[in-house]
Amino acid sequence: MRATVPLVVLLLLLPAVAVPAELPNIDSPLKTGQSAKDDAAVVIGVENYVYLPRATYAVRDAEAMYQFLVYTRGVPAARVTKLVGGTSRGKILDAVATAGRDVGPGGTVWVYFAGHGSASPTTRERILLPENTLAEPEGFDEAGVPVAELQRLAGNGGGEVMLVTDACFTGAGRQGGTLLAGGRSFVPGSATAQGRVAQWDAAQANQVAGPLDTVQHGAFTYFAIGAMRGWADGHLTGERDGVVTTEEAQLYVSDALKTVGIREQEPSLVGDNAFARTLATGARERAPALVVAAPVAVVPPPAVVPRTGEATVQLDGKAMDFAALAAAAKQAADDAAREKAAAEA
């Protein structure tokens with residue numbers, strides 16, 4: 001008779017993510033006294049989907065981005081729309097259209113989205129999924145918000161646009177697994193940005209944007225907001241000047257993800273003047289000292305112990321050689337130990 005193995009047993013066989021016990025808090029306001037009175041923003045966090053898996057920590061991500069925009073960058077609170085419940089295609093498009101009309105040359109429209117994304121089942125264009133999206137291909141097309149449409153609406157007034165997404169477009173959820181039954185997914189095209197738009201995405205087209213459970217945030221959002229609070233200042237040259245640019249932030253987030261062991265998630269930054277924009281001024285928070293970690297091992301939740309004499313276990317419905325799994329885990333741990341020893345030498 002087969003019995004279910006507690007997840008912790010399998011995790012003991014695999015390299016864990018090692019990060020400092022106390023990573024800095026990005027949820028408390030960092031007040032700089034700066035003013036971005038000509039900016040406007042729409043901040044969207046979709047966590048509790050009606051028909052799709054939960055997007056873990058998406059609301060916390062949106063709240064942290066709101067705090068950054070209002071207190072660190074200095075966008076007037078009256079010009080920031082926050083949508084964290086009851087989101088729909090119409091509400092998102094209306095909010096972005098309003099922000100776009102309110103910002104002219106000299107200002108920036110910020111659009112932030114945390115939640116699920118996908119490629120359109122029919123056009124393969126990138127779409128963001130609101131709360132009421134049905135778990136079927138037709139539902140994705142009906143409710144999904146095209147990223148290109150957000151770019152267009154946000155830039156209608158002539159201002160610059162900074163579009164930031166903590167979502168993947170592979171049809172996978174934050175905790176792994178596909179959004180549609182049967183493992184169906186749709187391959188998106190490469191990220192593009194038109195007009196005066198810079199688009200900063202949590203991951204490449206074929207990657208999953210995952211969480212960092214230690215801090216209860218999306219991994220990208222945590223390090224992106226940290227970067228803009230000052231952690232990325234001087235990351236290129238080693239000299240801090242109180243200004244965080246998109247180039248510094250992109251490099252910092254990419255390096256930080258790898259350092260904590262998230263090596264299959266590479267943020268993407270594309271668009272007009274994308275690497276030369278100023279994200280924050282006067283934000284002087286110091287970056288934490290991150291611990292070099294072994295790569296994250298993704299372990300499917302269900303696992304079954306084989307009967308005596310069987311050579312395999314069943315993981316997510318697939319047969320896997322138990323000895324090979326343990327050997328691979330040991331090899332990864334040994335490699336990580338050698339890398340750490342070499343770095344300390």
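What counts and how
Residues numbered from 1 in each chain as written. Predicted model: local features only at pLDDT ≥ 70, side-chain atom pairs only at ≥ 80, totals over all residues. Heavy atoms only, no water. Helix = DSSP H or I, 4+ residues; strand = E, 2+ residues; numbered from the N terminus. Expected span 1.5 Å × (residues − 1). Buried < 20%, exposed > 50% of the residue type's maximum accessible area, 1.4 Å probe, protein only. Contact = heavy atoms within 4.5 Å. Axes fitted to C-alpha atoms, helices over the stretch in contact; angles between N-to-C directions. Parallel < 35°, antiparallel > 145°, perpendicular 65-115°, else oblique. Salt bridge = Lys/Arg side-chain N within 4 Å of Asp/Glu carboxyl O. Pairing = 2+ DSSP bridges.

Student: Help me out: how do you make sense of helix H3 (residues 89–102) in this one?
Tutor: Given 3.6 residues per turn, any residue in an α-helix points the same way as the ones three and four places further on. If you check H3, its first and last C-alpha atoms are 20 Å apart, about what 14 residues at 1.5 Å a residue would give, namely 20 Å. Within H3, the full set of buried residues consists of Ile-92, Leu-93, Ala-95, Val-96, Ala-97, Ala-99 and Gly-100. On the buried face of H3, the contacting elements are strand E1 (40–45), strand E2 (80–83), strand E3 (108–114), strand E6 (145–146) and helix H5 (147–154).

Student: Mind showing me how you'd approach the packing of helix H2 (residues 58–73) against helix H6 (residues 219–231) here?
Tutor: The angle between the axes and the distance between the axes are what describe a pair of packed helices. For the pair H2 and H6, interaxial distance at closest approach is 10 Å and the crossing angle is 10 degrees. The orientation of H2 relative to H6 falls into the category roughly parallel. For the pair formed by H2 and H6, the contact residues are Asp-61, Ala-64, Met-65, Phe-68 and Thr-72 on the first element and Thr-221, Ile-225 and Met-228 on the second.

Student: Any chance you could explain the pattern of salt bridges here in plain terms?
Tutor: Oppositely charged side chains are able to pair whenever their charged atoms sit close together. Evaluated as defined, the whole model comprises 14 salt bridges. We note a salt bridge from Asp-39 to Arg-73, for which the minimum N-O separation is 2.7 Å. Residue Asp-39 is located in the loop between helix H1 (7–11) and E1, and its partner Arg-73 is located in helix H2; the two are separated by 34 residues in the primary sequence. Take Arg-73: its relative accessible area is 15%, and that puts it in the buried class. Of the charged contacts, one joins Asp-61 and Arg-174 as a salt bridge, the two residues approaching to 2.8 Å between their closest N and O atoms. Taken together, the positions of Asp-61 in helix H2 and Arg-174 in the loop between strand E7 (160–166) and strand E8 (197–201) put the pair 113 residues apart, joining distant regions of the chain. Grouping residues by exposure puts Asp-61 and Arg-174 together as buried. One salt-bridge network, held together by shared partners, links Glu-160, Arg-196, Asp-272 and Arg-277.

Student: What am I meant to see in the pairing of E8 here?
Tutor: Sheet faces and side chains relate simply in a regular strand, where the side chains alternate between the two faces. Of all five residues that make up E8, five are buried, and the element is covered over most of its length. Alternating residues of E8 divide into Val-197, Gln-199 and Asp-201 and Ala-198 and Trp-200, and every residue in both groups is buried. Relative to E8, E7 is paired through five bridges, and the arrangement is parallel. Across the sheet, the residue bridging to Val-161 is Val-197, located in E8. As paired elements, E8 and strand E12 (residues 268–271) share four bridges and run antiparallel to each other. If you follow Asp-201 over to E12, its bridge partner there is Ser-268.

Student: What exactly am I supposed to notice about the sheet that holds strand E5 (residues 126–128) here?
Tutor: The strands that make up a sheet pair up through hydrogen bonds in the backbone, lying either parallel or antiparallel. The sheet built from three strands is open, its strands ordered E4-E5-E6 with antiparallel pairing. Unpaired on one side and paired on the other, strand E4 (117–119) and E6 mark the two borders of the sheet. Relative to E6, E5 runs antiparallel, the two sharing two bridges. Note on E6: the bridge partner recorded for Ile-127 is Pro-146.

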